[in-house]
Amino acid sequence: MNGTMAASSNRIMLGPLVAAIDQGTSSTRFLVFNAKTAELLSHHQVEIKQSFPKEGWMEEDPKEILQSVYECMDRTCEKLTQLNIDISNIKAIGVTNQRETTIVWDKETGEPLYNAIVWLDLRTQSTVERLINKTPGRNKNHLKKYIKTLEEKLHLSSHFKLYSGYVLFLLLYTKLAKLNKYLYFSCFIQHKTGLPISTYFSAVKLRWLMDNVEKVHEAVLSHRAMFGTVDSWLIWCLTGGKKGGVHCTDVTNASRTMLFNIHTMDWDPELCKYFDIPMEILPKVRSSSEIYGLMKISSNLKSGPLTGVPISGCLGDQSAALVGQMCFKDGQAKNTYGTGCFLLKNVGTKPVMSDHGLLTTVAYKLGRDKPACYALEGSVAIAGAVVRWLKDNLGIIQTSTELEKLAADVGTSYGCYFVPAFSGLYAPYWEPSARGIICGLTQFTNRSHLAFAALEAVCFQTREILDAMNQDSGIPLSQLQVDGGMTSNRLLMQLQADILCIPVVKPSMPETTALGAAMAAGAAEGVSVWSLNPEDLTEVTSEKFEPQINPEESELRYARWKKAVQRAMNWETTEPVNNGNEETSIFSSVPLGFYILGSMFMLIGAKYIAAGQK
């Protein structure tokens, strides 16, 4: 490639280099950048096998993930050597990773105790429901917090606090408390973590492993277990493993576990107690940009030249892309199209809680003494994964690039709509019971229309989270910055601009996730080969896709998509079928119904009394 050849001819002028491990859901890559120009010099990629032991389950082998990192390092170093680029110029390594994916291993043997449970996995739905039914701390302080949070959400005036507290107290302690346990648990979790209750996050995956895998249970009891997301597993192994490896994570990955308090910026003892997870198995939380440890490669691996290089950057993949897109100002946003689809908007140094189904997450903390910045995030479970499904499960395409050609041949879905809710629906619905559907089929529909509908589905899901983000912030985005593997599909990018009715801007260098990890690593104290000062950042060249259809047509197609989404809802449930022994309505118990109705009338009466006193 031209960039690589240019790097070869100017190798004396290269200066310091920074590498990045980019460990994603479907592949691992190792990339090397010029710290002064942000130019990508060389890289290598290895695909990761995924296994599906049961319906809704998704796993990967932690040892295969680690081996893929070694292989990518080896091959990239070989390529650099062939280009006469001195590997010793690599001054730091950053790590970026699939978030939420959960690994538990034995610190004495260094062996994983089970496969990695991937973020898309749905096996923990029953765990989530069991935790909801376990009412947290029925003491007055919890109750006060609960009532206050719900009052704020309901926007109740001061005249109603006594009455709202009374009604909520009744509801909390009645046999209808299941609903209220859900509301309580939601408030309890979301206030601390910025996250809703979902199978998506790591705490419930870890709880499932402790409850269902004997090796994990025994290792926890004997104080040998270590928990981590993929970044923790890799950093521990690469810095020595059982011979002194560093057990750490960064704030962005920690904020995706449901165990991390985004206000105190540390593990939350109350949350750990509630999930019954011992804090000793958790990694130490560090900033996203500091030296965690040095590479220690065993002598039988070819990557020996990297031994001693500091690992000094760590960001969850979506935070890394935000940094790589240089979204350092409040209001800047990016959307990454990978296995899933993730839209993040920088909201500055104070967390903003969403009223429209988005997550509040830590965007980055670029140094131990630097402030943490937060983001609003809209998460879509299935984006690029739908392409893999069409290829591997249905066989209607042989390669990913074939999808664009198929869709372009027809230029329309011909009324066909595809909701790929294979793992339920994430933002803004958070509905694990949803399942994928294809609707609007006619005898005329063919695989080209289905290909087009699949691409449109990615764009419609992005439109849903962008609408929610605009409502939360009150300031609509004027354009959307994009990155990720799917952005090479030009038809998809044009469809996205058409459906959003705003321009879509794609950087010429698409490896923004790895670039973000490299930037964090190179800027770390003790490395300092990459400046993050705005005036020093390399200007990003980009391509812009302008909307080409009228807004009325876009709105019509979007409205029909929303109709299809409603058809996908409530398809699966772990709830038993009602056999006549359980109540199905809030007013199934007549006395209780009157009790609650009476309380409601008290509220209404209080309103008029308050009005009369003015």
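The structure presented is a predicted model; accordingly, all values stated were derived computationally and were not measured.

**Quick look at the sheet that holds strand S5 (residues 90-97)**
Adjacent strands of a sheet form backbone hydrogen bonds with each other and so pair up, either parallel or antiparallel.
And step 1. In space, the six strands of this open sheet follow the order S3-S2-S1-S5-S14-S13, with mixed pairing throughout. The two strands at the open ends of the sheet, each matched to only one other strand, are strand S3 (40-47) and strand S13 (289-294). Strand-to-strand twist across the sheet, computed as the mean angle between neighbouring axes with direction ignored, equals 25°.
And step 2. In this structure, strand S1 (residues 17-23) lies alongside strand S2 (residues 27-34), joined through seven bridges in antiparallel fashion. Paired with glutamine 23 across the bridge in S2 is threonine 28.
And step 3. Packed onto the sheet, helix H17 (residues 512-522) meets S1, S2, S5, S13 and strand S14 (310-316) and runs at close to 130° relative to S1.

**Quick notes on the pattern of salt bridges**
Any two side chains of opposite charge can pair, given that their charged atoms come close.
And step 1. If you walk through the whole model with that rule in mind, you get 29 salt bridges.
And step 2. Close ionic contact of glutamate 100 with arginine 99 constitutes a salt bridge, the shortest N to O distance being 3.8 Å.
And step 3. Arginine 388 serves as the salt-bridge partner of aspartate 392, at 3.5 Å between the closest nitrogen and oxygen. Taken together, the positions of aspartate 392 and arginine 388, both in helix H13 (residues 384-394) and four residues apart, correspond to about one turn of that helix.

**Notes on the sheet that holds strand S21 (residues 480-483)**
And step 1. Within the open sheet, the seven strands sit side by side as S17-S18-S16-S15-S21-S22-S23. Their pairing is mixed. Among the strands making up the open sheet, the edge pair consists of strand S17 (359-364) and strand S23 (542-545). Taken over all neighbouring pairs, the strand axes of this sheet differ in orientation by 30° on average, direction set aside.
And step 2. Where strand S16 (residues 341-348) and strand S18 (residues 373-380) come together, seven bridges link them in antiparallel fashion. Each residue of the ladder has a partner; that of glycine 348, found in S18, is tyrosine 374.
And step 3. Together, strand S15 (333-337), S16, S18 and S21 form the strand contacts of helix H15 (residues 447-473), whose direction differs from that of S18 by roughly 145°.
And step 4. Lying on the sheet, helix H16 (residues 490-500) is in contact with S15, S21, strand S22 (504-507) and S23; it crosses S23 at an angle near 50°.

**Comments concerning the environment of glutamine 50**
And step 1. Here glutamine 50 is to be found in the loop between S3 and strand S4 (59-60).
And step 2. Residue contacts for glutamine 50: discarding those within four places in its chain leaves Thr25, Ser26, Met58, Glu59, Glu60 and Arg388.
And step 3. Of note is the side chain of glutamine 50, whose polar atom sits 3.0 Å from the backbone oxygen of threonine 25.

**Observations regarding the pairing of S1**
A regular strand places its side chains so that they alternate between the two faces of the sheet.
And step 1. Along S1, seven of the seven residues are buried, which leaves the element largely enclosed by surrounding structure.
And step 2. Neither face of S1 is exposed, since Leu17, Ala19, Ile21 and Gln23 on one face and Val18, Ala20 and Asp22 on the opposite face are all buried.
And step 3. Alignment of S1 against S5, held across seven bridges, turns out to be parallel. Pairing of isoleucine 21 across the sheet is with valine 95, part of S5.
And step 4. Connecting S1 to the next strand, S2, in antiparallel fashion are three residues.

**What about the packing of aromatic side chains?**
And step 1. Counting across every chain of the model gives 22 aromatic pairs.
And step 2. On the numbers, 5.8 Å between centres and 75° between planes, the contact of tyrosine 274 with phenylalanine 275 is edge-to-face. With respect to burial, tyrosine 274 and phenylalanine 275 carry one shared label: buried.
And step 3. Positioned above the aromatic ring of tryptophan 57, the side-chain terminus of arginine 123 is 3.8 Å from the ring centre.
And step 4. When the ring centre of tyrosine 558 is taken as origin, the NZ or CZ atom of arginine 463, which lies over that ring, is 4.0 Å away.

**Some words on the nonpolar core**
And step 1. With 147 residues, the main nonpolar core has Phe33, Phe260, Phe275, Tyr337, Val419 and Trp530 as its most contacted residues.
And step 2. With 14 residues, the top contributor of residues to this core is H15.
And step 3. Every residue in contact with valine 419, bar those within four places of it in the chain, is listed here: Leu425, Arg435, Gly436, Ile437, Trp561, Ala564, Val565 and Ala568.
And step 4. Within the second largest apolar cluster, 42 residues are counted, among which are Leu17, Ala19, Ile85 and Leu238.

**Concerning the confidence of the model for the chain**
And step 1. Mean pLDDT over the chain works out to 82, with 81% of the residues at or above the 70 mark.
And step 2. For residues 137-147, every residue scores under 50 in pLDDT, and the model assigns this stretch 17 contacts once sequence neighbours within four places are set aside.
And step 3. Ignoring residues within four places in sequence, the model shows residues 170-179, a span with pLDDT below 50, making 24 contacts including any to other chains.

**Concerning the packing of helix H12 (residues 317-324) against H17**
And step 1. It is the contact of H12 with H17, at a shortest axis distance of 7 Å, that shows an interaxial angle of 80°. Our classification of the angle between H12 and H17 gives roughly perpendicular. Across the interface between the two elements, Asp317, Ala320, Ala321, Val323 and Gly324 from H12 touch Thr512, Thr513, Leu515, Gly516, Ala517 and Met519 from H17.

**Considerations on unusual backbone geometry**
And step 1. In this structure, proline 428 follows alanine 427 across a cis peptide bond, with omega equal to 0°.
And step 2. Among the structural elements, proline 428 can be located in the loop between strand S19 (417-419) and strand S20 (437-439).
And step 3. Even without being glycine, tyrosine 414 reaches a positive phi, approximately 50°.
And step 4. Along the chain, the position of tyrosine 414 falls in the loop between helix H14 (400-410) and S19.
And step 5. Since its relative accessible area comes to 44%, tyrosine 414 is described here as partly exposed.
And step 6. Of note, cysteine 501 is a non-glycine position whose phi angle comes to about 65°, a positive value.
And step 7. Among the secondary structure elements, cysteine 501 is positioned in the loop between H16 and S22.

**Quick look at H14**
And step 1. Along H14, the residues that are buried comprise Leu403, Leu406 and Ala407. Taken down its axis, H14 places every buried residue within 95° of arc, on the same side. Among the exposed residues of H14, those oriented more than 90 degrees off its buried face are Thr401, Lys405 and Asp409.
And step 2. Those residues of H14 that are buried lie in contact with H13, H15 and H16.
And step 3. Among the residues trailing H14, glycine 411 stands out with phi positive, at a value near 65°.

What counts and what doesn't
- Residues numbered from 1 in each chain as written.
- Predicted model: local features only at pLDDT ≥ 70, side-chain atom pairs only at ≥ 80, totals over all residues.
- Heavy atoms only, no water.
- Pairing = 2+ DSSP bridges.
- Helix = DSSP H or I, 4+ residues; strand = E, 2+ residues; numbered from the N terminus.
- Axes fitted to C-alpha atoms, helices over the stretch in contact; angles between N-to-C directions.
- Contact = heavy atoms within 4.5 Å.
- Salt bridge = Lys/Arg side-chain N within 4 Å of Asp/Glu carboxyl O.
- Polar contact = N/O pair within 3.5 Å; in protein donor to acceptor, adjacent residues only side chain to side chain.
- Buried < 20%, exposed > 50% of the residue type's maximum accessible area, 1.4 Å probe, protein only.
- Phe/Tyr/Trp six-rings, centres within 6.5 Å; stacked < 30°, edge-to-face > 60°.
- Lys NZ or Arg CZ within 6 Å of the ring centre and 35° of its normal.
- Core = buried A, V, L, I, M, F, W, Y, C linked by side-chain atoms within 4.5 Å.
- pLDDT = per-residue confidence, 0-100.
- Parallel < 35°, antiparallel > 145°, perpendicular 65-115°, else oblique.
- Arc of directions from axis to C-beta.

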